[in-house]
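Structural overview
If you want the building blocks of each chain, they are given just below.
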Amino acid sequence: MNRFLFPLVLFQFCLCSLNAQSNLDILLDIGLENLVEIHEIDSYYLTYENNRYRYEGDALIAVMEAIIIPPEIKKVILLIQNRGIGISSISFTLENFSALKAGTLSSKVFADKAKFSFNVDDLITKFDEHEKMNSSYFKVEAIVGLDVEYELGNFDNAVRQKINFQPEIFSVLGKGAVISGRYNFPTFNEIDNQTSFLQLARITQDIRWKDNVFLNLNFGFSTQNRYGLNTRLDRYLGSEKLRLRFDFGVTKELYLDQNVDLVIKNNINTFNMSGGIIYRWNRFDTDFSFRYGSFLVGDTGFKAYMRRQFDEVFVGLFLNSTSFGKIAGFDFRVPLSPKRHMKNKGVRIRTKDYFSLDYNYRYDSDIALEAFNGSNVLDQIEEYFPAVLQKKLGKHLFKN
């Protein structure tokens, strides 16, 4: 009996290995990165990072439609990464997955039965022990984007505007580590006499600690002609619903001009710090934020903000009140690039993912002024929230 049992076990092991390899090949062909898969008895673990699809929900659907699960597996667990850092997970049974693919189980019911989680410490540890396939590190992206500035004019020119052409070079150096630089070319400028200059030149490090603590460290040149160190720490209390946020920065007012020469406007260190709380109403994908602290030009006060997410579209309302006065307005963010970028095989040129614009009734206001330090994990994390991914998956119609 034993002589027949060993070949049978060996055959099943080889079958699993072949299928696992085919899954990696399929996802590699799609263009996903940082791929790892693990077989453990009747469980299948898979992790990936999406730098192909503009929106994380679309990448998850592409993975769900592509992967092939062997019949001996009972449970599937996926871990989704950003810059090599595990962010959120989804787990489901083979029985429900097979029913979804066969069309006997709706996407809505499947998504309701699946488990979406923001608590992924154990999964991160499990995958960190394995070498990743198609690493996202040390690849270069040339990102082309546009930015619009405006102010209210007179009766001859009701709205004055400035369109900024902003090419950017971006590269992930390691887990959570990024170096990038962005040049700003003002065009169609009706506002001021600003010339082109190096707007961003920085290195940033994102860190995820246990118990859902995220830290971003950013050093270099930022907008508002600032140079120095900026940090942000977010502590999620159990899930994405509630988090504490702390910001601290020490910067000087200087920048690099069009000849990349250093221009010093104020060489005195400015300290800005704030703390606050963010609550997410998952039913409507809406964030309510309140922060109190000191800001770039020395004023002290609070920033209240409400933002609604519609998949990739964000619309927000804000009220800032400090020792300099009060100001209110709105902002929005909409998709700009194609739904899917070309694969990054070392060097890639692509358009900026989103276009953002904010409005307030005092264009040149310095109330609660903050610099933009470049993208980081915490700026993108709403796309990875379990409730957002669950809704996206539940609305998709899978092909039989």
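Residues numbered from 1 in each chain as written. Predicted model: local features only at pLDDT ≥ 70, side-chain atom pairs only at ≥ 80, totals over all residues. Heavy atoms only, no water.

**Section: the overall build of the protein chain**
Counted only if it meets this: Under the DSSP-based scheme used, a helix requires at least four consecutive residues in state H or I and a strand at least two consecutive residues in state E, with every element numbered from the N terminus. Taken over C-alpha atoms, the radius of gyration is set against a globule rule of 2.2 Å times the number of residues to the power 0.38. Using a 1.4 Å probe on the protein chains alone, a residue whose accessible area is under 20% of its type maximum counts as buried, one over 50% counts as exposed, and one in between counts as partly exposed. Throughout, a residue-residue contact means that at least one pair of heavy atoms, one from each residue, lies within 4.5 Å. Note on areas: Shrake-Rupley with a 1.4 Å probe; residue coverage comes only from the protein chains shown. Positive residues here are Lys and Arg, negative ones are Asp and Glu, while His and the chain termini are left out of the count. In plain terms, the charge of a residue is placed at NZ if it is Lys, CZ if Arg, CG if Asp and CD if Glu.
Along the protein chain, the regular secondary structure elements total seven helices and 19 strands. Relative to a compact globule of 400 residues, whose C-alpha radius of gyration would be 21 Å, the protein chain shows 24 Å and is just as compact. Looking at the protein chain residue by residue over its 400 residues, the buried ones come to 50%. Look at the contacts in the protein chain between residues 6 or more apart in sequence, and 55% of them connect residues 24 or more apart. When the accessible surface of the protein chain is summed, it comes to about 19,700 Å², and 60% of that surface belongs to carbon and sulfur atoms. Mean positive and mean negative side-chain charge positions of the protein chain (48 and 48 charges, respectively) differ by 4 Å.

**Digging into the environment of asparagine 193**
Considering the arrangement of structural elements, one finds asparagine 193 in the loop between strand 8 (177-187) and strand 9 (197-209). Of the residues examined, asparagine 193 reaches a relative accessible area of 77% and is grouped as exposed.

**Overview of the packing of aromatic side chains**
Put simply, the rule reads: Think of it this way: a Phe, Tyr or Trp ring, Trp meaning its six-membered ring, pairs with another when their centres are within 6.5 Å, and the plane angle makes it stacked under 30 degrees, edge-to-face over 60, tilted otherwise. The criterion for a charge sitting over a ring is simple: Lys NZ or Arg CZ within 6 Å of the ring centre, and within 35 degrees of the ring normal.
Tallied over the entire structure, the rule returns 16 aromatic pairs. Aromatic side chains phenylalanine 221 and tyrosine 227 sit 4.6 Å apart centroid to centroid with 40° between the ring planes, which places their arrangement in the tilted category. With relative accessibility at 13%, the residue phenylalanine 221 sits in the buried group. Among the aromatic residues, ring-to-ring pairing joins Phe118, Phe214, Tyr236 and Phe385 into one connected group. Sitting above the plane of the tyrosine 45 ring, lysine 126 keeps its charged end 4.7 Å from the centroid.

**Quick notes on empty space enclosed by the protein**
For clarity, the cut-off: Both cavities and pockets are sets of points on a 1 Å grid over the protein atoms alone; in a cavity a 1.4 Å probe fits but cannot get out, in a pocket the set is open with protein on both sides within 12 Å along at least five of seven lines, and lining residues sit with an atom within 4 Å of a point. Grid points are joined across faces, edges and corners, and a volume is the space filled by probe spheres set on the points. For this classification, the nonpolar set comprises Ala, Val, Leu, Ile, Met, Phe, Trp, Tyr, Cys and Pro, the charged set comprises Asp, Glu, Lys and Arg, and every other residue, Gly included, is treated as polar.
Per the stated rule, a full pass over the model turns up two cavities of 30 Å³ or more. Its boundaries defined by the atoms lining it, the largest cavity holds a volume of some 60 Å³. Together, Thr47, Leu79, Gln81, Gly84, Gly86, Ile124, Phe127, Asp128, Lys132 and Lys175 line the largest cavity. For the lining of the largest cavity, the secondary structure elements donating two or more residues are strand 3 (75-82) and helix 5 (121-128). Considering only residue class, the lining of the largest cavity consists of three nonpolar, four polar and three charged. Within this model, the second largest cavity holds a volume of roughly 30 Å³. For the second largest cavity, the full set of lining residues is Ile143, Val144, Gly145, Gln166, Glu168, Arg182 and Lys352. Looking at the lining of the second largest cavity, the elements with two or more residues in it are strand 6 (140-152) and strand 7 (159-174). In terms of residue class, the lining of the second largest cavity is made up of two nonpolar, two polar and three charged.

**Here's the deal with helix 2 (residues 56-66)**
The element helix 2 is largely enclosed, with a buried count of 10 among its 11 residues. For helix 2, the full list of buried residues reads Glu56, Gly57, Asp58, Ala59, Leu60, Ile61, Ala62, Val63, Met64 and Ala66.

**Considering the sheet that holds strand 4 (residues 85-93)**
Using the following cut-off: Two strands qualify as a pair provided DSSP detects at least 2 bridges between them. Axes, fitted as lines to C-alpha atoms, cover a helix only where it is in contact. Angles between the N-to-C directions of the axes lie from 0 to 180 degrees.
Taken together, the five strands give an open sheet; going across it, the order is 1-2-3-4-5, and neighbouring strands pair in mixed fashion. Looking at strand neighbours, the two that pair on one side only are strand 1 (33-40) and strand 5 (115-117), the edges of this open sheet. Looking at each pair of strands side by side, their axes are set apart by 15° on average, direction ignored. The sheet contact formed by strand 2 (residues 43-49) and strand 3 spans seven bridges and is parallel. The partner of glutamate 49 across the bridge, within strand 3, is glutamine 81.

**Focus on the packing of helix 2 against helix 7 (residues 386-395)**
Between two packed helices, the angle of one axis relative to the other and the distance separating the axes together describe the packing. Operational definition: Throughout this description, any angle smaller than 35 degrees is read as roughly parallel, any larger than 145 degrees as roughly antiparallel, any in the 65 to 115 degree range as roughly perpendicular, and the remainder as oblique. What makes a crossing left-handed is the near helix being turned counterclockwise from the far one by less than a right angle; a clockwise turn instead makes it right-handed.
Remark: helix 2 packs on helix 7, axes separated minimally by 9 Å, with the N-to-C direction vectors making an angle of 55°. One way to sum up the angle between helix 2 and helix 7 is to call them oblique. In this structure, helix 2 crosses over helix 7, and the sense of that crossing is right-handed. Contacts between helix 2 and helix 7 pair Glu56, Gly57, Asp58, Leu60, Ile61 and Met64 from the former with Leu389, Lys392 and Leu393 from the latter.

**Quick look at the pairing of strand 4**
The buried fraction of strand 4 is high, at eight of nine residues. Across eight bridges, the pairing between strand 3 and strand 4 is antiparallel. From the neighbouring strand, asparagine 82 faces strand 4, where its bridge partner is isoleucine 85. From the end of strand 3 to the start of strand 4, which pair antiparallel, there are two residues, and arginine 83 there has a positive phi angle of about 55°. Relative to strand 5, strand 4 is paired through three bridges, and the arrangement is antiparallel. Considered in strand 5, the bridge of serine 89 is made with serine 117.

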